[in-house]
Amino acid sequence: MNAAEHYSYRVSWSADDGEFVGTVLELPSLSWLEPESAAAFAGIRKLASEVVEDLAASGEEVPEPLSERHYSGEFRVRIPRPCTAGSSRRLPRRASP
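These remarks concern the structure in this document. Keep in mind that what you see is a predicted model, and the values were worked out from it rather than measured.

This part covers the nonpolar core. In terms of nonpolar packing, the biggest core is built from 10 residues, these being Ala3, Ala4, Tyr7, Tyr9, Val24, Leu27, Leu30, Ile44, Ala48 and Val52. Per-element accounting of this core gives the leading share, 3 residues, to helix 1 (residues 37–57).

Taken in spatial order, the 3 strands line up as 1-2-3 in an open sheet, and their pairing is antiparallel. Each edge of the open sheet carries a strand with a single partner, namely strand 1 (9–14) and strand 3 (31–34). Averaged over all neighbouring strand pairs, the angle between strand axes comes to 25 degrees, with direction disregarded. Pairing geometry for strand 1 and strand 2 (residues 19–24), over 6 bridges, is antiparallel. Following the sheet pairing, valine 11 is matched in strand 2 by glycine 22. Where helix 1 meets the sheet, its contacts fall on strand 1, strand 2 and strand 3, and the angle it forms with strand 3 comes to roughly 150 degrees.

As a further point, take the pattern of salt bridges. Side-chain pairs of opposite charge can arise whenever the charged atoms involved come near each other. Counted under the stated rule, the structure contains 2 salt bridges. Put simply, lysine 46 and glutamate 50 hold a salt bridge, and the shortest N to O gap is 2.6 Å. Of the two residues, lysine 46 and glutamate 50 both sit in helix 1, 4 residues apart, roughly one turn of that helix. Looking at glutamate 50, the relative accessible area reads 35%, which means it is partly exposed. Glutamate 74 is the salt-bridge partner of arginine 76, the closest N and O atoms lying 2.6 Å from each other. By the burial criterion, arginine 76 is exposed, and glutamate 74 matches it.

Its location among the elements puts asparagine 2 in the segment before strand 1. Accessibility expressed as a relative area gives 13% for asparagine 2, which makes it buried. At a separation of 2.9 Å, a polar atom in the side chain of asparagine 2 contacts the main-chain amide nitrogen of alanine 4. Polar contacts involving the side chain of asparagine 2 include one to the side chain of serine 49, which spans 2.9 Å. Excluding anything up to four places from it in sequence, asparagine 2 contacts Ser49, Val52 and Glu53.

Two numbers describe a pair of aromatic rings. These are the distance of the centres and the angle of the planes. Taken as a whole and judged by the stated rule, the model has 2 aromatic pairs. Taking 5.0 Å as the distance between ring centres and 75 degrees as the angle between the ring planes, the aromatic pair formed by tryptophan 13 and phenylalanine 20 counts as edge-to-face.

Reading guide: rules and limits
- Residues numbered from 1 in each chain as written.
- Predicted model: local features only at pLDDT ≥ 70, side-chain atom pairs only at ≥ 80, totals over all residues.
- Heavy atoms only, no water.
- Core = buried A, V, L, I, M, F, W, Y, C linked by side-chain atoms within 4.5 Å.
- Buried < 20%, exposed > 50% of the residue type's maximum accessible area, 1.4 Å probe, protein only.
- Helix = DSSP H or I, 4+ residues; strand = E, 2+ residues; numbered from the N terminus.
- Pairing = 2+ DSSP bridges.
- Axes fitted to C-alpha atoms, helices over the stretch in contact; angles between N-to-C directions.
- Contact = heavy atoms within 4.5 Å.
- Salt bridge = Lys/Arg side-chain N within 4 Å of Asp/Glu carboxyl O.
- Polar contact = N/O pair within 3.5 Å; in protein donor to acceptor, adjacent residues only side chain to side chain.
- Phe/Tyr/Trp six-rings, centres within 6.5 Å; stacked < 30°, edge-to-face > 60°.

Written out as structure tokens, the structure is:
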């Protein structure tokens, strides 16, 4: 099975080109222009499949489909100490009722 079958594709109108442009999220350097949206979709899928085959044949890393990536579900933000040091002292004091 070619990994490109599970990739995320998009077809949108390009006002600059006056045609539909097909793109693939996992291979952002690729695009395909056609006057009809269905043709743009078919073109970008075929191109992505060929690129994946070339990458595999040359021993290069083939991008994993986004739909098959596993994430922890956690979102962490690291803030440097100078930003947090004394932050409670800078907060405005609330008046007691």
